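Descriptive analysis of the structure
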Amino acid sequence: TRGTAEAFRSIADSDTRLVLITNVPEGLTPKDYISCISVNERAHGDSMGRGLGEYMVRHGLKYAGLICHGEQNFFATKQRDGAAEQVLTEEYPEIRVCGKVNFLTEVDVYRKLIGMYPEIQALYVSWDGPALEVIKALTELERTDIAIVTGDLDYAIAMQMAQGGMVKMISAQCPYEQGEAIAMVAANGLLGKAVPSFIEVEPISIDRENLLKNWKAIFKEDPPAALRNAINRSVGAL
């Protein structure tokens, strides 16, 4: 991005080798870094768009809203949000996207949400941090009937899903596998071996039925007892 490009340029011009995560700073070319490692952002957005579409069709919902990242210089989130919107509009003709807002900070989401269309029944939110702000706002508005699909897995968003709350589907990155890829390309780059300039790791689609299994697959540890108990207590939640 523009804000960090100068700092990264100074590193690229030194003897230090760069491995980037998710975004390539403005002005850098593949000769300036070993590789960039990212989730497959198109698949990430596609998974969320399809998860929202399938949930809405299954429950007879027609009106969707999109809450997207407003920073257009972030190629990753721009690709993610675009893929989600494309899937919804092209593959689910029975669904109407009747509201869309962009945000620059997570706090921004709260303010912009207040003016959204009252007919909205389900929301796409670009990632989990803003989604938690949306949940706060909707709770204050007494609109906890709205379904939410978002990206990235952490404890707070997982508990929302486990408790049968507003979060119905999550597309999760695989940070462990991304870390393995970073280590491998760094080592191979330092050894002078050729590596791809961009590597994508596929996301995992998560719902309540596979949450516990995929928690272990993503974090390489058993899910917390509170998460397991929440799933057991909310059996039958939509």
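Structure first, text after, so check above.
The text that follows walks through the structure, step by step, so that each part is easy to find. Given the structure is predicted, the values throughout are model-derived calculations rather than measurements.

As a further point, take the environment of Asp 46. Along the chain, Asp 46 falls in helix α2 (residues 41-58). A relative accessible area of 25% means that Asp 46 is categorised as partly exposed. Taking C-alpha positions, Asp 46 is 29 Å from Thr 4, a pair spaced 42 residues apart along the chain. Ignoring anything within four residues of it in the chain, the contact list for Asp 46 reads Ala 83, Ala 84 and Val 87.

If you look at the biggest cluster of nonpolar residues, it comprises 35 residues, and the most contacted ones within it are Ile 67, Leu 123, Val 134, Ile 148, Leu 153 and Leu 211. When neighbours within four sequence positions are excluded, Val 134 is seen to be in contact with Ile 67, Val 109, Leu 113, Leu 123, Val 125 and Ile 148. One finds Leu 66, Cys 68, Tyr 92 and Val 149 within the second-largest nonpolar core, a separate group that totals 18 residues.

The next point concerns the pairing of strand β5 (residues 122-125). The alternating pattern of β5 places Ala 122 and Tyr 124 and Leu 123 and Val 125 on opposite faces, both of which are buried. Pairing of strand β3 (residues 63-69) with β5 involves four bridges; the strand directions are parallel. Residue pairing across strands places Leu 66 opposite Tyr 124, the latter belonging to β5. Note that β5 and strand β6 (residues 147-151) share four bridges and pair parallel. Paired with Ala 122 across the bridge in β6 is Ala 147. Of the crossover connections in this fold, the one passing from β5 over helix α5 (residues 128-140) to the parallel β6 is right-handed.

In space, the six strands of this open sheet follow the order β4-β3-β5-β6-β7-β9, with mixed pairing throughout. With partners counted over all chains shown, the strands left at the sheet margins are β4 (96-103) and β9 (204-206), one partner each. Strand after strand, the sheet turns through a mean of 15° between neighbouring axes, direction not considered. Taken together, the seven bridges between β3 and β4 define a ladder with parallel strand orientation. If you follow Leu 66 over to β4, its bridge partner there is Lys 100. Lying over the sheet, α2 contacts β3, β5, β6, β7 (167-172) and β9, oriented at roughly 160° with respect to β7. Relative to β6, α5 is tilted by about 160°, and along the sheet it contacts β3, β4, β5, β6 and β7.

Time to look at the packing of aromatic side chains. Tallying each qualifying case throughout the model produces two aromatic pairs. Both rings, one in Trp 215 and one in Phe 219, keep their centres 4.5 Å apart while their planes meet at 50°; by these two values the pair is tilted. In this pair, Trp 215 and Phe 219 both sit in helix α8 (residues 211-219), four residues apart, roughly one turn of the helix. Using a relative accessible area of 28% as the deciding quantity, one classes Phe 219 as partly exposed.

To continue, consider the state of the cysteines. A full pass over the atoms with the stated rule returns zero disulfides. As a non-bridged cysteine, Cys 68 has Cys 98 as the owner of its nearest cysteine sulfur, 13 Å distant.

Conventions used here
Residues numbered from 1 in each chain as written. Predicted model: local features only at pLDDT ≥ 70, side-chain atom pairs only at ≥ 80, totals over all residues. Heavy atoms only, no water. Helix = DSSP H or I, 4+ residues; strand = E, 2+ residues; numbered from the N terminus. Buried < 20%, exposed > 50% of the residue type's maximum accessible area, 1.4 Å probe, protein only. Contact = heavy atoms within 4.5 Å. Core = buried A, V, L, I, M, F, W, Y, C linked by side-chain atoms within 4.5 Å. Pairing = 2+ DSSP bridges. Right-handed = clockwise from strand over helix to strand, strands pointing away. Axes fitted to C-alpha atoms, helices over the stretch in contact; angles between N-to-C directions. Phe/Tyr/Trp six-rings, centres within 6.5 Å; stacked < 30°, edge-to-face > 60°. Disulfide = S-S within 2.5 Å.

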